Amino acid sequence: MSRIVIKVGSNILTRKDGMPNFTNMSSLVDQIARLIKKSHEVVLVSSGAVACGRGAIVPKKELDSVEARQLFSSIGQIRLINLYNQLFGAYGITIGQILTQKENFSSRTAYLNQRACMITMMENGVLPVINENDTVSLTELMFTDNDELSGLIATMIDADYLIILSNVDGIFTGNPADPESKLISEIKPGKDVSEYIQATKSGFGRGGMGTKYKIASKVASEGIGVKIARGDRPDVLVDLIENPGQVPHTNFVPSKEGLSTVKRWIAHSSSFAKGRIYINQRAKEALLSESAVSLLPIGITRIEGDWAEGDIVRIYGPSDQYIGVGKASADSITAKEFLGKHGKKPVVHYDYLYIESDDRL
């Protein structure tokens, strides 16, 4: 039995005119039902609400981007969840809707609360269907897209796999439409193929392959297998789990060194940072080593921002390069008082520190 997070993009769930793509939705529901019947636990992260709403109404006046997103998502989310309820109901599967926002992940308490909710749903045979709450999310605090949300969910619930369904087979060495481009079938930990990523995006979705690659690489580095595939292929979900060699896709090989639940939360919390900590070369080398090292005041050269104990802070090296992120064990006032001093407690303890610098690869 595996725990699987499946993310489905708007381009798979909706037609070009914005109406729901019943063919694709029915096929995906059928496959998810088959996986559940085989005792797999599934969480569905579904886009499509804004696109479904856009196809249902013509606004009476021109709307700005925020107004349009709020209007269309408020209508589309009802249409989308009703469709899922009918389709999964035919298989005797009960679904539960979770609408979330990025700020709901900003505190450890809120993070664990959402995790407990999803685990309880799965333990009681309920399929969680998750989407961002576009009706109230602030633009500056929105997820890049549901790829980012799905990565956070996968790490949150200790998933075995994250499957991202797109409108292409995976990551190619060039434009997927170019016959000369080849599908990259496997990406091992530490391998960088960002040079091949196309900057463009298509259809209704907010994100593109760049976001998918970034999220997939990060989630795989945390010990979870990630697969990117084309969502309209027949039996794509079942094959990815049971016969992966039978379906074209890009497989991100998971790191053998997984992270604790708290470190996974911190790894995805950089956007919630309240301040910055700058460190010297010696502290940088210590943090990037293979040893379990905390960030001590002696290695700190500068502090920016105001934060409380327990807030998230970003860490930068002597040349302002990004090193990682952590949960502060001292507030900014105390950290400034102890700046550069010996014999003081860590400003960021190792257990609450996530290193993300490329220098470590």
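Each value, and the rule that gives it
- Residues numbered from 1 in each chain as written.
- Predicted model: local features only at pLDDT ≥ 70, side-chain atom pairs only at ≥ 80, totals over all residues.
- Heavy atoms only, no water.
- Core = buried A, V, L, I, M, F, W, Y, C linked by side-chain atoms within 4.5 Å.
- Buried < 20%, exposed > 50% of the residue type's maximum accessible area, 1.4 Å probe, protein only.
- Helix = DSSP H or I, 4+ residues; strand = E, 2+ residues; numbered from the N terminus.
- Contact = heavy atoms within 4.5 Å.
- Expected span 1.5 Å × (residues − 1).
- Bend = angle between axes of the 7 residues up to and from the residue.
- Pairing = 2+ DSSP bridges.
- Axes fitted to C-alpha atoms, helices over the stretch in contact; angles between N-to-C directions.

Visitor: Could you clarify how one ought to interpret the nonpolar core in this entry?
Guide: Across soluble globular proteins, you tend to see nonpolar side chains buried next to one another. One finds Val5, Ile153, Ile157, Ile171 and Phe252 to be the most contacted residues of the largest nonpolar core, which totals 46 residues. At the level of elements, strand S2 (41-46), helix H5 (108-123), strand S4 (126-132), helix H6 (146-156), strand S5 (161-166), helix H7 (209-221), strand S7 (225-230) and helix H9 (261-267) are the ones that each hand at least two residues to this core. The element that contributes the greatest number of residues to this core is H7, accounting for six residues. Beyond its immediate chain neighbours, meaning those up to four positions away, Phe252 contacts Ile171, Ile187, Tyr213, Ala216, Ser217, Ala220, Gly225, Val226 and Ile228. Ranked by size, the runner-up nonpolar core spans 32 residues in total, among them Cys52, Phe88, Leu240 and Val247.

Visitor: Would you mind showing me how to read helix H4 (residues 65-89) here?
Guide: Since one α-helical turn is 3.6 residues long, residues separated by three or four positions face the same way. Taking 1.5 Å of rise per residue, the 25 residues of H4 would be expected to cover 36 Å, and the 35 Å separating its terminal C-alpha atoms lies within 8% of that figure. Most pronounced at Ser73, the bend in H4 amounts to some 25 degrees. Inspection of H4 places Ala68, Arg69, Phe72, Ser73, Gly76, Gln77, Leu80, Ile81, Leu83, Tyr84 and Phe88 among the buried residues, and these make up the whole buried set. As for H4, its buried residues are in contact with helix H1 (10-13), helix H2 (22-37), S2, helix H3 (49-54), strand S3 (94-100) and S4.

Visitor: I keep staring at the environment of Leu152 and nothing clicks. Help me out?
Guide: By the secondary structure assignment, Leu152 is in helix H6. Residue Leu152 is classed as buried on the basis of its relative accessible area of 5%. Placed 117 residues apart in sequence, Leu152 and Ser269 show a C-alpha to C-alpha distance of 9.6 Å.

Visitor: What's the story with the pairing of strand S1 (residues 3-8) in this structure? I'm lost.
Guide: Look at any regular strand and the pattern is simple: side chains alternate between the two faces of the sheet. For S1, the tally of buried residues reaches six of six residues, placing the bulk of the element in the interior. Two strands pair when backbone bridges link them, and S1 and S2 are joined in this way by six bridges, in the parallel orientation. Bridge pairing in S2 links Val8 to Ser46. Judged from the five bridges that link them, S1 and S5 form a sheet pairing that is parallel. When the bridges of S5 are listed, Ile6 appears paired with Ile163.

Visitor: Help me understand the sheet that holds strand S12 (residues 322-328) in this model?
Guide: Adjacent strands of a sheet pair through backbone hydrogen bonds, lying either parallel or antiparallel. Read across the open sheet, the five strands follow the order S10-S9-S11-S12-S13; overall the sheet is mixed. The open sheet terminates on both sides in strands that have one partner only, identified here as strand S10 (300-305) and strand S13 (348-355). Pairwise comparison of adjacent strand axes, ignoring direction, gives a mean angle of 25 degrees for this sheet. Sheet analysis places strand S11 (residues 312-316) next to S12, joined by five bridges and oriented antiparallel. In the strand pairing of S12, Arg314 is matched with Val325.

Read these as spatial facts, not as claims about activity.
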